Amino acid sequence: MNKSKQGFGVPVGDWLRGVLKEELLTYIDKKFIEEQNLFNYEIISKLVSNHLESKIDNAFRVWTFYCFQLWYKDIFQNNLTPI
C-alpha cells in the first residue's frame, strides 16, 4: 500500500508473433510495400522476419510499423480524409 504506482509491460512482441501475425504479414507483402513507395522492402521484411523468428526483439519497431500500416490502410486505402 505504501509503494509508488507501477506500470506493467504489455506483451506486444508476443501479440505480433501470435494473434496479429497473419495481419502483420499482409503489411510486408512485397507488392503492397512497393505500391506504398514509403518503405524499403528488404529492410522491413528483414526487421519483421527477425522478430517473428525470435532472432532479434524488434517489438517496438515492428509495433510502430504495424500501427502505421493500420492507419495508412484506414485513411489512404479507404480514401478517407485525415483529421
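Rules behind the numbers
Residues numbered from 1 in each chain as written. Predicted model: local features only at pLDDT ≥ 70, side-chain atom pairs only at ≥ 80, totals over all residues. Heavy atoms only, no water. Salt bridge = Lys/Arg side-chain N within 4 Å of Asp/Glu carboxyl O. Helix = DSSP H or I, 4+ residues; strand = E, 2+ residues; numbered from the N terminus. Buried < 20%, exposed > 50% of the residue type's maximum accessible area, 1.4 Å probe, protein only.

## A look at the pattern of salt bridges
Piece 1. In total, this model carries three salt bridges according to the counting rule given.
Piece 2. The closest approach of N and O atoms between Asp14 and Arg17, which form a salt bridge, is 3.5 Å. You can see Asp14 and its partner Arg17 sitting in helix 1 (residues 12-17), three residues apart, about one turn around the helix.
Piece 3. Here Glu35 ties to Lys31 by a salt bridge, and the two come within 4.0 Å at their closest N and O atoms. With Glu35 and Lys31 both in helix 3 (residues 30-36), this residue pair falls four residues apart, about one helical turn.
Piece 4. The exposed category is assigned to Glu35, whose relative accessible area is 55%.

Honestly, it's all geometry; don't read function into it.
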